[in-house]
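Structure at a glance
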Amino acid sequence: SDVFNFTTMLSLSMEVEHLSCKALEMLKEFLAADGGLLIYQRDGQLVVGAENGITTSHCILTNNFILETMKEGKVKIVKPFENDGAVGMYYGSPHHSMIIYPINYKDRTLGVIALFRENSFFDRDIEKLQIFCSNLGIALENSITHERLQNLATIDTLTGLHNRHYGMLRLTEETCRAVREKTS
């Protein structure tokens, strides 16, 4: 089933970038969307984790629909031509509908998933996203925490420089690469 495949993918993805890309790809497929993006909050800043079909991704972080959903934590469906074709500004066609669904963990909004398609979004689409995004919220929180811990484990807090642990990891990576490529 779609939910099982999605949950399995989430459990196998610890890196935020990989998780974002795979989640967006699968959600696009499950909801028959033409394009979309996943935005999340890292250290108080909005970050585009994954995008597909966005013509002006640098502007999307200031989109009022996205910001409202982040602030309110509520689903927003934008119909074609609503707000002077703001949807078209991001997808390239004002004929597309957009659904923006918050990605929540406990009582806070971690990010949003925005999907675009020519046909309107309906209540059944919101129900599907509710199932998928509840699992996505947990996985995204775990990935962000994992990323922070990885960073803490490799940076000396006093100097801000990479520590011995980081050096050993890089040495191992470079040794494996040299063996693989048969270089010295």
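Anything mentioned here points back to the structure above.
Let me sum up the structure you'll find in this document. Along each chain, the written sequence defines residue order, and numbers are assigned to residues from 1. Side-chain atom pairs in this predicted model are given and counted only at pLDDT of 80 or more, local residue features only at pLDDT of at least 70, and totals for whole chains, interfaces and linings cover all residues. With hydrogens and water stripped out, all remaining heavy atoms of the structure feed into the side-chain values.

**Points about the pattern of salt bridges**
Side chains that differ in charge, positive against negative, can pair when their charged atoms come close. Salt bridge, as applied in this entry: a Lys or Arg side-chain nitrogen positioned within 4 Å of an Asp or Glu carboxyl oxygen. Overall, the coordinates contain ten salt bridges when judged by the stated rule. Put simply, Glu-181 and Arg-177 hold a salt bridge, and the shortest N to O gap is 3.0 Å. Placement of the pair is Glu-181 and Arg-177 together in helix H7 (residues 164-181), with a separation of four residues, close to one helical turn. Summary of the burial criterion: residues with accessible area below 20% of their type's maximum are buried, those above 50% are exposed, and those between are partly exposed, where the area comes from a 1.4 Å probe applied to protein chains only. Under the relative-accessibility criterion, Arg-177 is labelled partly exposed at 32%. Among the ionic contacts, a cluster of salt bridges with common partners joins Arg-170, Glu-173, Glu-174, Arg-177 and Glu-181. Numbering goes from the N terminus for both helices and strands, where a helix is a DSSP run of H or I of at least four residues and a strand is a run of E of at least two.

**What to know about the pairing of strand S5 (residues 108-117)**
Among the ten residues in S5, nine count as buried, and that is most of the element. A pair of strands is labelled paired if DSSP reports no fewer than 2 bridges between them. As paired strands, strand S1 (residues 35-42) and S5 are joined by six bridges and run antiparallel to one another. Considered in S5, the bridge of Gly-35 is made with Phe-116. Where strand S4 (residues 97-105) meets S5, nine bridges bridge the pair, whose relative direction is antiparallel. Opposite Asn-104, over in S5, you have Thr-109 as the bridge partner. A loop of two residues connects S4 with S5, the two strands running antiparallel in sequence, and Lys-106 in this loop sits at a positive phi of about 55°.

**Thoughts on the sheet that holds strand S3 (residues 76-78)**
An order of S2-S1-S5-S4-S3 is seen for the five strands of this open sheet, with the pairing classed as antiparallel. Whereas interior strands pair on both sides, the edge strands pair on one side only; in this sheet they are strand S2 (45-52) and S3. For this sheet, the mean inter-axis angle between neighbouring strands, taken without regard to orientation, is 20°. Contacts between residues were defined by any pair of non-hydrogen atoms, one from each residue, lying within 4.5 Å. Orientation is described by axes fitted as lines to C-alpha atoms, over the contacting stretch for helices, and by angles from 0 to 180 degrees between their N-to-C directions. Lying over the sheet, helix H6 (residues 123-154) contacts S1, S3, S4 and S5, oriented at roughly 50° with respect to S4.

**Considerations on the nonpolar core**
Core analysis: the largest hydrophobic core is formed by 29 residues, its most contacted members being Phe-6, Leu-27, Ile-113, Leu-115, Leu-129, Leu-136 and Leu-140. Not counting chain neighbours up to four residues away, the residues in contact with Leu-136 comprise Phe-6, Leu-10, Leu-19, Ala-23, Leu-27, Leu-38 and Ile-103. Listed in part, the 13 residues of the second largest apolar core include Phe-65, Ile-66, Met-98 and Phe-116. We call a set of buried residues a nonpolar core when its members are Ala, Val, Leu, Ile, Met, Phe, Trp, Tyr or Cys and they connect through side-chain atoms within 4.5 Å of each other.

**Topic: helix H2 (residues 16-30)**
Helix span, as expected, comes to 1.5 Å for every residue beyond the first. Over its 15 residues, H2 extends 21 Å from the first C-alpha to the last, a length consistent with the 21 Å expected when each residue adds 1.5 Å. Listing the buried residues of H2 in full gives Val-16, Leu-19, Ser-20, Ala-23, Leu-24, Met-26, Leu-27, Lys-28 and Phe-30. Tucked inside the fold, the buried residues of H2 contact helix H1 (2-12), S1, S2, S5 and H6. Downstream of H2 by one or two residues, Ala-32 has phi in the positive range, about 50°.

**What about the packing of H1 against H6?**
The contact between H1 and H6 brings their axes to 10 Å, and the two run at 10°. As judged from the angle between their axes, H1 and H6 are roughly parallel. Of H6, the residues touching H1 (which contributes Asp-2, Val-3, Phe-6, Thr-7 and Leu-10) are Ile-131, Phe-132, Asn-135, Leu-136 and Ala-139. For classification, angles of less than 35 degrees are called roughly parallel, those exceeding 145 degrees roughly antiparallel, those between 65 and 115 degrees roughly perpendicular, and all remaining angles oblique.

**Digging into the side chain of Ser-20**
Relative to the helices and strands, Ser-20 resides in helix H2. Take Ser-20: its relative accessible area is 1%, and that puts it in the buried class. Setting aside residues up to four positions removed in sequence, Ser-20 forms contacts with Leu-38, Tyr-40, Gly-49 and Ala-50.

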